[in-house]
Amino acid sequence: MHNLRQYQVPLQRYMALMDLQERNQRLFYKLLIDNVEELLPVVYTPTVGEACQKYGSIFRRPQGLYISLKEKGKILEVLKNWPEKKIQVIVVTDGERILGLGDLGCQGMGIPVGKLALYTALGGVRPSSCLPVTIDVGTNNEELLKDEFYIGIRQKRATGQEYSELLHEFMCAVKQNYGEKVLIQFEDFANHNAFELLAKYRASHLVFNDDIQGTASVVLAGVVAALKLVGGTLAEHTFLFLGAGEAGTGIAELIALEMSKQTKAPIEETRKKIWLVDSKGLIVSSRMESLQHFKKPWAHEHEPLKTLLDAVKAIKPTVLIGSSGVGKTFTKEVVEAMASFNERPVIFALSNPTSQSECTAEQAYTWSKGRAIFASGSPFDPVECNGKVFVPGQANNAYIFPGFGLGLVISGAIRVHDDMLLAASEALAGQVTEDNFDKGLIYPPFCNIRKISAEIAANVASKAYELGLATRLPRPANLVKYAESCMYSPVYRNYR
Ligand SMILES: NC(=O)C1=CN([C@@H]2O[C@H](COP(=O)(O)OP(=O)(O)OC[C@H]3O[C@@H](n4cnc5c(N)ncnc54)[C@H](OP(=O)(O)O)[C@@H]3O)[C@@H](O)[C@H]2O)C=CC1
Ligand SMILES: CC(=O)C(=O)O
Ligand SMILES: [Mg+2]
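Calculation criteria
Along each chain, numbering runs from 1 in the same order as the chain's sequence is written. Chains carry letters from A onward and ligands carry numbers from 1 onward, assigned in written order. Side-chain atom pairs in this predicted model are given and counted only at pLDDT of 80 or more, local residue features only at pLDDT of at least 70, and totals for whole chains, interfaces and linings cover all residues. Computation of side-chain values: all heavy atoms of the structure, hydrogens and water removed. For the domains described, the bounds stem from an automatic or database domain assignment. Whether two residues are in contact is decided by their heavy atoms, any of which lying within 4.5 Å being enough. The quantity reported as buried area is the accessible area (1.4 Å probe) lost by two parts once they are put together, taken as the sum for both. Pairs of N or O atoms are called polar contacts if they sit within 3.5 Å, as long as, within protein, a hydrogen donor faces a hydrogen acceptor (for residues adjacent in sequence, only side-chain-to-side-chain pairs). Think of it this way: any DSSP run of H or I at least four residues long counts as a helix, any run of E at least two long counts as a strand, and we number them from the N terminus. The donor set covers N, O and S atoms within 2.8 Å of the metal, switching to 3.2 Å for Na, K and Ca, and it leaves out water, so a site may look short of donors. Exposure classes here rest on a 1.4 Å probe applied to the protein chains alone. A residue is buried below 20% of its type maximum, exposed above 50%, and partly exposed in between. Put simply, a nonpolar core is a bunch of buried Ala, Val, Leu, Ile, Met, Phe, Trp, Tyr and Cys residues held in one set by side-chain atoms that sit within 4.5 Å of each other. If a single non-hydrogen atom of a residue is within 4 Å of a molecule or strand, that residue counts as near it. Areas reported here follow the Shrake-Rupley algorithm with a probe of radius 1.4 Å; residue values treat only the protein chains shown as occluding. Think of it as three bins: nonpolar holds Ala, Val, Leu, Ile, Met, Phe, Trp, Tyr, Cys and Pro, charged holds Asp, Glu, Lys and Arg, and polar takes everything else, Gly as well. UniProt positions are given in the numbering used here, feature names are shortened, and annotations may be inferred rather than shown by experiment. Strands are labelled as partners when DSSP assigns at least two bridges between them.

Engineer: How should I be thinking about the domain arrangement of the protein in this particular structure?
Structural biologist: Its domain assignment divides the protein into domain 1 (1-205) and domain 2 (213-397). Facing 16 residues of domain 1, the contacting portion of domain 2 comprises 18 residues. When domain 1 packs against domain 2, the two sides together hide about 1,200 Å² of surface, and 56% of this comes from carbon and sulfur. Three residues, T45, N191 and F195, lead the burial of domain 1 against domain 2; their summed loss comes to 39% of the area buried on that side. Where domain 1 touches domain 2, the interface holds six residue pairs in polar contact (both at pLDDT 80 or more). Looking at the side of domain 1 that touches domain 2, the element that brings in the most residues is helix α10 (residues 191-201), giving four residues.

This is the structure we're talking about:
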């Protein structure tokens, strides 16, 4: 840590950590586990975003498996080249929507690598069981195509049949090589592929889309925890999203599902408490014809509104959620409007990395005169406002996916069910202590993350057994203890 702290530039710390991961994996994980709050922003958002942007020029060794269009027909063979044979979790991207930074092509590899480092450090999945994969179908990023250090194939993205055939070959090869119980986590695909891939493979593979489902679970947990501070039931609140893509509609759907379970009202009814704004304005029924399929359930009756501010004033949400990938969109006027009709406005600025955050923690607290309950996708330091210190929470799917994946692995689950996402969310919300609430926090601190992940894993595994989707029999009596006992720990074995 002393060595690392000598680097002032975050990207240099990132490179030093990646070198350490290569040189002494056990020490890397020991550092990451023991200093999680300090190192998470380095191996993960925001620094991993910059690392992906510059991946070609900081490249040292391939850290994961690249599968390109040139490997068509040979993907099974390529998988067999990976030195580890017992793989339990794969994180795969095609690099088209890396955080809120857009298409970074093959340089998106930093994301599967970073996510899997968290699978091990935060969730205790063995590093040797984790496989980062980047599918290289080209990039539409002109700058990268011209960049002499770009590491991927230099062509425009393959689409349509060519794309889906490559992905299908990959999905079949994974199942053939590693069996039915390997978890495939889709990460940072553009939404025109993400929803389709999830829908296509969820019935035949153990798949999970972190941006749609993991994000939904973590935000629902934050909202449920926030209710302790603002009062009311979930169904008594009104939600407005800026951004109606993977994250936005994924979260909206899980909130509507939980509301429906709580009130016994049909989900078509509970969806009416939730409104979304996309790049064209409020999603309303008069736009139905031109909407992508995942937006249609959110097209409610209302006059068209162009701006977020107009939508905030008209809908009067109690909870505002940013999932647009565009920074600085929660302006002073927007936050002040939220604070004008809410005693404690709940504001999530989920977009990553920090440059894309809808607003900063400082802005949320100052513009709401210290009344906002705020959480963001990338971390912000505590803020002093009117002599009081406010600690923002980090609403990031990193709270969920490591424990969620561990729960699937230890139960031998063969499919992911929405109720497992609710189970993960419930376990996370249950870990927020009175002490956390006193500080205005709606998420527990990351320093306890391995305990939190064990609780999440146990709740997810329990749901898998209840749904008949678990294959590891008999069911362990104490699932929390069992989860803990399965977690990788970076200690040296004593041979005496
Ligand atoms: N904190 C966390 O754990 C997570 C954070 N995220 C972050 O969320 C962001 C979005 O990700 P994702 O949902 O996958 O992306 P998508 O591309 O699927 O969705 C983006 C949405 O934002 C809308 N949008 C874009 N620009 C504007 C604008 N100027 N005004 C209003 N709406 C706009 C788009 O509108 P249109 O449909 O009209 O194009 C689209 O509906 C990213 O920054 C990502 O990093 C994602 C997952 C997890
Ligand atoms: C956190 C995450 O998954 C994202 O920003 O895409
Ligand atoms: Mg993501």
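Engineer: Explanation requested: the coordination of the magnesium ion (ligand 3) in the structure shown.
Structural biologist: Note on metal sites: the ideal angle is 109.5 degrees for four tetrahedral donors, and 90 or 180 degrees for six octahedral donors. Summarising the metal site, the magnesium ion (ligand 3) is bound by the protein donors E187 (OE), D188 (OD) and D211 (OD), whose distances to it range over 2.1 Å. Sequence spacing among the residues donating to the magnesium ion (ligand 3) works out to E-D-x22-D. In this structure D188 comes out as buried when scored by relative accessible area, which is 2%.

Engineer: Hey, could you run me through the nonpolar core in this one?
Structural biologist: Proteins that are soluble and globular tend to have nonpolar side chains buried together. Among the nonpolar cores identified, the biggest contains 118 residues, and Y14, F239, F348 and F404 are the most heavily contacted of them. Ranked by residue count, the leading element in this core is helix α20 (residues 449-466), at 10 residues. Residue contributions to this core reach at least three from each of two domains, namely domain 1 (1-205) and domain 2 (213-397). In this view, F348 contacts V219, G222, V223, V319, L320, I321, G322, F330, A375, A395, I442 and Y443; residues no more than four positions away in its chain are not counted.

Engineer: What am I meant to see in the site of ligand 2 here?
Structural biologist: Near ligand 2 you find Y44, R97, L99, K115, E187, D188, D210, D211, N352, N396 and N397, and these make up its full shell. Contacts to ligand 2 include K115, whose side-chain N or O atom sits 3.0 Å from an oxygen atom. Within the contact set of ligand 2, an oxygen atom lies 2.8 Å away from a side-chain nitrogen or oxygen of N352. A total of 220 Å² of accessible area belongs to ligand 2 in isolation, and the protein chains cover 90% of it. The residues that make up the shell around ligand 2 include at least three from each of domain 1 (1-205) and domain 2 (213-397).

Engineer: What am I meant to see in the site of ligand 1 here?
Structural biologist: In the region of ligand 1, 26 residues are neighbours, and R97, N191, A244, S279 and K295 sit closest. In the complex, 83% of the free accessible area of ligand 1, which totals 930 Å², lies under the protein chains. Broken down by secondary-structure element, the contributors of at least two residues to the shell around ligand 1 are α11 (210-230) and α12 (246-263). Considering only residue class, the shell around ligand 1 consists of seven nonpolar, 14 polar and five charged.

Engineer: Mind showing me how you'd approach the UniProt feature "active site" (unreviewed entry) in the protein here?
Structural biologist: Listed under "active site" (unreviewed entry) in the UniProt record, and renumbered for this structure, are Y44 and K115. Of the residues just listed, which span 72 residues, no C-alpha pair is farther apart than 7.5 Å, and they cluster in one region. Among the structural elements, Y44 can be located in the loop between α4 (36-43) and α5 (47-53). In contact with Y44, not counting residues within four places along its chain, are K115, L118, N396, N397, A398 and F401. Along the chain, K115 falls in helix α7 (residues 110-121). What makes K115 buried here is its relative accessible area of 4%. In this structure K115 touches Y44, V91, Q185, E187, D210, N397 and F401, once residues within four positions along its chain are discounted.

Engineer: Help me understand the pairing of strand β7 (residues 274-278) in this model?
Structural biologist: The two faces of a sheet get side chains in turn, since along a regular strand they alternate between them. With five of its five residues buried, β7 lies for the most part within the structure. Here β7 shows two buried faces, one formed by I274, L276 and D278 and the other by W275 and V277. Inspection of the sheet shows strand β6 (residues 239-242) paired to β7 by four bridges, in the parallel sense. In the sheet register, F239 faces β7, and the bridge partner there is I274. Summarising the sheet, β7 and strand β8 (residues 281-282) pair through two bridges and their orientation is antiparallel. Pairing of D278 across the sheet is with G281, part of β8. Here β7 folds back onto β8, and the loop between the two strands holds two residues.

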